[in-house]
Amino acid sequence: MSVNKIPVGPFHPLLEEAEYFELKVDGETVVDIDLEIGWMHRGHEFISESKTFTQSIFLVERICGICSTSHPLALVHAVEDIDNIEIPLRARYIRTLIGELERIHSHLLWIGLAGHFIGYDTLWMWAWKYREPILQMFEMITGNRNHYGMMRVGGVARDVDPVIIPKLLEDLDIVDQKMVMIAGAAKDDPVLRSRLKNVGILTHQAAVDLCAVGPTARASGIAIDVRKDDPTDAYDLVEFNMIVQKNGDVYDKLVVRVLETLESTKIVRQCLEKLKVVKGPILNDVKEVSEGEGIGRYEAPRGEVFHYIRSDGTNRPIRHKVRAPSYVNIPTYVASCKGIPVADALITLAAVDPCYCCTERTIQLIDANRNPVAVDLLKLSREKTEQVRREIHD
Amino acid sequence: MTRWLFYLLVFPGFLFTTILGLLIVWVDRKVSARVQFRQGPPLFQNFNDIFKLFGKETMIVKESARTVFVSAPIFAFGMIVLLATIVGLAAINRIGFAGDIIVVMYLMMIFSVAVILGGGSSGNVYSSLGAGREIKLLLADELVFILVCLIPIIQSGYKLRIDEILVAQESGVFIGSISGAIGFILGLLCIQAKMTLPPFHIPEAETEIVEGPFMEYSGPLLAFWKLSQGMMYVIYPALLVILFLGGFKWTGIGILYSVLKYLLIVVLMILIKNTNPRIRIDTALNFFWRIAAPICLIGVVLSVWGL
């Protein structure tokens, strides 16, 4: 048996970000996969320690461009957790509204990308076209198409103008219609079905062992969803179903995401209806945060995002830890990619909807005066690049 | 002698097919773009691309088998020009020779062989994987394509000349019979596979193996590949028109019919291209050998019975 190495990454059309996976293949069959994360380091946790809590919101928003409200939501949950800050009812509905709209656009984005990865560019363009009304709704509500800057400790920054609610509901109907169409086109297409069914199976046991979260876990039959398990904001006030599938293949991951999008439009509609009647303040002004620790969880489109904050009573955290969902989902490749053809392995890599720049952290050793100890990061990075280059050429 | 050189280099060979091919590629890109709610490129975009590529530097990888790597695209381009001349002469000037349909089938296969040589010699792991896939795809579609070509040969009374196949269709085109219809549909799919268009763009698979065999090509060498692919857009649909739809006529209303027949096939190809995901190589093999080949064999038997 001759084993070839196929490098996927650090730069590859399949990955929007720099990441490196080494597929060891025998002919067309993947016999093993090597994951090497750690190609990006932006120092978000470190920068956050030098910012105030409100400034940090804008910082963590930029951890991920797609799920840009999940990180701020988890952060404000963490800070509110320190002092058990109550937030006004209207603000809870607005938070859920933003979160769910984001889920719709994120899932639509994934459907499009998945279409592109399996060479179905029409699905890609169509999914992204129908994502556009969602972005316009965001612009109407928050003033931005992405990076909304809506979350604040104790509430939200902007109110939803009652005048625009009928228009939003109207737009939502269009999105709903298009979603049903895409769901039909994606689920019932025989070629697509034969291409994705029984591909890259992540068994229930493997998903439990590897601690998968989000749609990746739910496609493997694990009923796990922070919105249900630990409801924050308005999630205990709205009706929705958790979508769980059994097989854990790429097709089920597609089905979970498509059906979740329809559930999200349901939640958004309920929130908008409530916002017509629920009046009151949107921001509970928090003057200071006391000493202590807090955790914040939120079900991002890709799974549970977790923030930890330790405060010393000033307006800045002394430790801020972020764990993105992709960090636990990426190791599932090892379980789901072995023994399948290369063509299947690559769509399996994309099927967990990985977000690498959310995931990546580095550790730098520093002494008491914050001077680097032992290794210079830049030097390390260059050596690594050189090493990988040599390995590929051997 | 000059007449034959004219046929080879100007019309219907190199110059005519190249220009028409690049225009048809524009049609493909434009229609695909409109299907996908995009604007699409301007009319002369492909010409600009080709001219730009000819002005670029050619980079040759150290690990590559240099001679094969350089000669493969030029060799393939030569084959396609020859193919264009033979098909064009038969379709337009009604000049053929005994066994030209067999030569056409060979030349189409040789193009794939050139792709395999070019991909395999470049010393890149993606390219060699793509070349391997091209071999499998060639094995998959070749049998069905030969059977498809047999149907018009049998229906025309065992004539192995393209111009005589055309003469036999004066009284009625072959697609009108059951076997002809089977042959046309399967022929369309074979052509899709031979041109490596979706759903059979398995050897090139951009998001998997990064254009496969063509990955290491740059500059003029890449331009030769692109030109060959553009010319295929002219030759392969034209071949289908010749084999099943009665060929081209250049008098009166016949011109309109000829253009419509040709465009019908191009539009069908673009639609198939835009409504299907890429299938796996084993699915393609299964499809061609287990489903398409038996159906085509039935078509051949039916054509022997004159149906």
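Refer to the structure above for everything that follows.
All figures in this text were calculated on a predicted structure; none of them were measured in a lab.

Calculation rules
Residues numbered from 1 in each chain as written. Chains lettered and ligands numbered in written order. Predicted model: local features only at pLDDT ≥ 70, side-chain atom pairs only at ≥ 80, totals over all residues. Pairing = 2+ DSSP bridges. Helix = DSSP H or I, 4+ residues; strand = E, 2+ residues; numbered from the N terminus. Axes fitted to C-alpha atoms, helices over the stretch in contact; angles between N-to-C directions. Parallel < 35°, antiparallel > 145°, perpendicular 65-115°, else oblique. Left-handed = near helix turned anticlockwise from the far one by under 90°. Contact = placed C-beta atoms within 7 Å. Nonpolar A, V, L, I, M, F, W, Y, C, P; charged D, E, K, R; others polar. Core = buried A, V, L, I, M, F, W, Y, C linked by C-beta atoms within 7 Å. Buried ≥ 20, exposed ≤ 12 C-beta atoms within 10 Å, placed from the backbone.

Undergrad: What is the right way to look at the sheet that holds strand β3 (residues 29-36) of chain A in this model?
TA: Paired through their backbone hydrogen bonds, the strands of a sheet run either parallel or antiparallel. All names here are of chain A. Across the sheet, which stays open at both edges, the three strands sit in the order β1-β2-β3 with antiparallel pairing between neighbours. Of all the strands in the sheet, just β1 (4-8) and β3 have a single pairing partner and so form its edges. Mean inter-strand twist for the sheet, computed between neighbouring axes without regard to direction, equals 25°. Here strand β2 (residues 20-26) runs beside β3; their pairing, made up of seven bridges, is antiparallel.

Undergrad: When you look at the packing of helix α4 (residues 66-93) of chain B against helix α10 (residues 219-244) of chain B in this model, what are you seeing that I'm missing?
TA: Helix-helix packing is described using two parameters, namely the angle between the two axes and the distance between the axes. All names here are of chain B. For the pair α4 and α10, interaxial distance at closest approach is 9 Å and the crossing angle is 25°. Judged on the interaxial angle alone, α10 and α4 are roughly parallel. Classified by chirality, the crossing of α10 by α4 is left-handed. Of the residues in α10, those touching α4 at V70, P73, I74, A76, F77, I80, L83, A84, V87, A90 and A91 are L221, F224, W225, L227, S228, M231, M232, V234, I235, A238, L239 and I242. Of the residues belonging to the contact of α4 with α10, the class tally is 22 nonpolar, one polar and no charged.

Undergrad: Would you explain the interface of chain A and chain B in this entry?
TA: For an interface, size is often stated in terms of accessible area lost upon the parts coming together. At the junction of the two partners, chain A supplies 23 residues and chain B supplies 23 residues. Secondary structure elements with two or more residues in the side of chain A that touches chain B: β1, α4 (89-117), α5 (121-142), α7 (190-196) and α14 (342-351) of chain A. For the side of chain A that touches chain B, the residue count by class is 13 nonpolar, five polar and five charged.

Undergrad: What's the story with the environment of V60 of chain A in this structure? I'm lost.
TA: All names here are of chain A. For V60, the location among the structural elements is in helix α2 (residues 53-61). A sequence separation of 274 residues divides V60 from V334, and the C-alpha atoms of the two residues are 29 Å apart. If sequence neighbours within four positions are ignored, V60 has contacts with H44, S48, H71, P72, L75 and V322.

Undergrad: I would appreciate a short explanation of the nonpolar core in the present structure.
TA: Residues and elements named next belong to chain B. One finds I80, V87, I235, L240 and I242 to be the most contacted residues of the largest nonpolar core, which totals 206 residues. Sorting elements by how many residues they give to this core places α10 first, with 19 residues. If we ignore the near neighbours within four places in the chain, the residues touching I80 are F111, S228, M231 and M232.

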